[in-house]
Amino acid sequence: MLIDEIREFYAFDPRHHEGVRYECGLSSLEYDPYHARLYLLTSFETELDGVPHIGGYLWVMGLEDLPAGRQPTLLTTAGSLEGDAECGA
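What counts, and at which threshold
Residues numbered from 1 in each chain as written. Predicted model: local features only at pLDDT ≥ 70, side-chain atom pairs only at ≥ 80, totals over all residues. Heavy atoms only, no water. Helix = DSSP H or I, 4+ residues; strand = E, 2+ residues; numbered from the N terminus. Buried < 20%, exposed > 50% of the residue type's maximum accessible area, 1.4 Å probe, protein only. Contact = heavy atoms within 4.5 Å. Areas by Shrake-Rupley, 256 points an atom, 1.4 Å probe, with all protein chains shown as cover. Phe/Tyr/Trp six-rings, centres within 6.5 Å; stacked < 30°, edge-to-face > 60°.

Can you break down the overall build of the chain residue by residue, with the values?
Helices and strands together make up the secondary structure of the chain, namely one helix and four strands. Reading the chain from its N end, one meets helices and strands in the order β-β-β-α-β. The buried share among the 89 residues of the chain stands at 27%. Within the chain, contacts between residues at least 6 apart in sequence are counted, and of these 38% link residues at least 24 apart. Accessible area of the chain: about 6,700 Å², with a carbon and sulfur share of 52%.

If you want it as structure tokens, here you go:
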């Protein structure tokens, strides 16, 4: 049961990041209470020239980034979080 109208609190389009090669959607959202941050998993399933491409991207953002409207950071290597002050690491 809804008490109020549905409204958008935060919007994020992964296609605007230069490292994202495929259109994808949000697959999972995980909260890290020890570092006050969110992990976002986006994934894709597509076919190009008859070849299937399945994969995903992992993103991170601090809780303070939500009300500020900041975009999450794309994690590209295992050490991406080390020393990242914006993500509360």
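Which residues make up the environment of Thr76, and what values go with them?
Positionally, Thr76 belongs in the segment after β4 (73–75). Sequence separation of Thr76 and Leu58 is 18 residues, and the distance between their C-alpha atoms is 7.9 Å.

Please provide a residue-by-residue account of the packing of aromatic side chains, values included.
Within this structure, the stated rule accounts for three aromatic pairs. For the pair Phe12 and Trp59, a centre-to-centre distance of 4.9 Å together with 75° between the ring planes defines the contact as edge-to-face. Taken as a pair, Phe12 in the segment before β1 (25–32) and Trp59 in strand β3 (residues 51–62) lie far apart in primary sequence, 47 residues in all. Note on Phe12: relative accessible area 21%, which makes it partly exposed. Through a chain of ring-to-ring contacts, three or more aromatic side chains come together here, namely Tyr22, Phe44 and Tyr57.

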